[in-house]
Amino acid sequence: MKKLSMLYEGKAKKIFDTDDKSYFWVEYKDDATAFNGLKKGTILNKGIINNKMSAMMFTYLQQNNVDTHFVEILNDREQIVKRLKMIPLEIVVRNIVAGSLAKRVGEDEGYKLTSPVLEFYFKNDDLGDPMVNETHAQAMGWATMEQLESMKQMALKVNELLTQVVAKAGIQLVDYKLEFGLSEGTVMLGDEISPDTCRFWDTETKEKLDKDRFRRDLGKVEEAYVEVYTRLKEVVENA
Ligand code: UDP
């Protein structure tokens, strides 16, 4: 496959066309943003960790019968994915209260939810990704009820698989964001799974091992990304 012109540059990734219309060529960058682009910075070698970690987690999900866009990893920063028609929603899955949910419900971070919470956000930077519900998504034509149902079922399956694997690495999967798209009408998991998009806490010490270290200026950001990847690699490779 040949890498052709860049189609889109996002906050953390560049997407390139290829000579095969069924695929995209993705390059992971070290750029980091938070608070809807208000905070900008660089996390050294984040692109390498996120590329490798996403490839590893998507492969694991695929082996467990979750349809994803992942095709193959090419090198440190690049991978090939299926071209999806993205559904303009972010699905946040939560197991433990943190971040915006702590504010919304007035509960301390760390409160264990009795069952997973699913939230939908409309992907729109100008609007700051507002929270929406399924009837908004259907009525606006962003997704059909059937597609929303598939997304919810897949998100819960992903949650079971990831929670277990992460736990074996001594990590709690607090919350994370998923994005879905369509490939020939089938709903597939797209985007990435990395410390940029998940909250990971050390099970024992509750130390934050994710992008909150960047958001909240906690230091040791690079080290946390490497730590999570190294621990998960050990578990996934022996799963
Ligand atoms: N998240 C993300 N991209 C976004 C918003 C949220 O990857 O645009 C992830 C975030 O890293 C966290 C989870 O989704 O793991 C829930 O985020 P929350 O709603 O608490 O918002 P935040 O505190 O990140 O503003």
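Going by the structure above, here's the rest.
Residues numbered from 1 in each chain as written. Predicted model: local features only at pLDDT ≥ 70, side-chain atom pairs only at ≥ 80, totals over all residues. Heavy atoms only, no water.

S.K.: How would you sum up the pairing of strand 13 (residues 186-190)? Please name residues and give values.
M.R.: Where burial is concerned, most of strand 13 is hidden: four out of the five residues are buried. In the sheet, strand 12 (residues 171-183) pairs with strand 13 via five bridges, with the strands oriented antiparallel. Looking at the pairing, Ser183 lines up with Thr186 of strand 13. Hairpin connection between strand 12 and strand 13: a loop of two residues separates the two successive antiparallel strands, and Glu184 in this loop has a positive phi of roughly 50 degrees. (Buried < 20%, exposed > 50% of the residue type's maximum accessible area, 1.4 Å probe, protein only. Helix = DSSP H or I, 4+ residues; strand = E, 2+ residues; numbered from the N terminus. Pairing = 2+ DSSP bridges.)

S.K.: Any chance you could break down the sheet that holds strand 2 (residues 13-18) for me, citing the residues and the numbers?
M.R.: Read across the open sheet, the five strands follow the order 1-2-3-7-6; overall the sheet is antiparallel. Two strands lie at the open edges of the sheet, namely strand 1 (3-9) and strand 6 (70-73), each paired on one side alone. In this sheet, adjacent strand axes meet at a mean angle of 30 degrees when their direction is disregarded. Note: strand 2 against strand 3 (residues 23-28), five bridges, orientation antiparallel. Paired with Phe16 across the two strands is Trp25, which belongs to strand 3. Here helix 1 (residues 46-63) sits on the sheet in contact with strand 3, strand 6 and strand 7 (78-82), set at roughly 130 degrees to strand 6. (Axes fitted to C-alpha atoms, helices over the stretch in contact; angles between N-to-C directions. Contact = heavy atoms within 4.5 Å.)

S.K.: An account of helix 6 (residues 221-237) is needed here, citing residue identities and associated values.
M.R.: Helix length check: helix 6 (17 residues) gives 24 Å between terminal C-alpha atoms against 24 Å at 1.5 Å per residue, within 8%. The complete set of buried residues in helix 6 reads Val221, Ala224, Tyr225, Val228, Tyr229, Leu232, Val235 and Val236. Projected down its long axis, helix 6 shows its buried positions confined to an angular sector of 135 degrees, all on one face. What points out from helix 6, more than 90 degrees from its buried face, is the exposed set Glu234 and Glu237. If you follow the buried residues of helix 6, they end up packed against helix 1, helix 4 (145-168), strand 12, strand 14 (198-202) and helix 5 (212-215). (Expected span 1.5 Å × (residues − 1). Arc of directions from axis to C-beta.)

S.K.: Lay out the nonpolar core in plain terms, naming residues and giving numbers.
M.R.: With 54 residues, the main nonpolar core has Met57, Leu89, Leu178, Phe180, Ile193 and Phe200 as its most contacted residues. With residues up to four places along the chain from it excluded, the contact list for Ile193 reads Met53, Ser54, Met57, Phe58, Leu61, Leu162, Leu178 and Cys198. In this structure, Ile15, Val26, Tyr28 and Val81 belong to the second largest nonpolar core, which totals five residues. (Core = buried A, V, L, I, M, F, W, Y, C linked by side-chain atoms within 4.5 Å.)

S.K.: Quick one: what's the story with the environment of Met6, residue by residue and with numbers?
M.R.: Position of Met6 relative to the elements: it lies in strand 1. In the structure, Met6 is positioned 18 residues away from Phe24 in sequence and 9.9 Å away in space, judged by C-alpha atoms. If sequence neighbours within four positions are ignored, Met6 has contacts with Lys14, Ile15 and Phe16.

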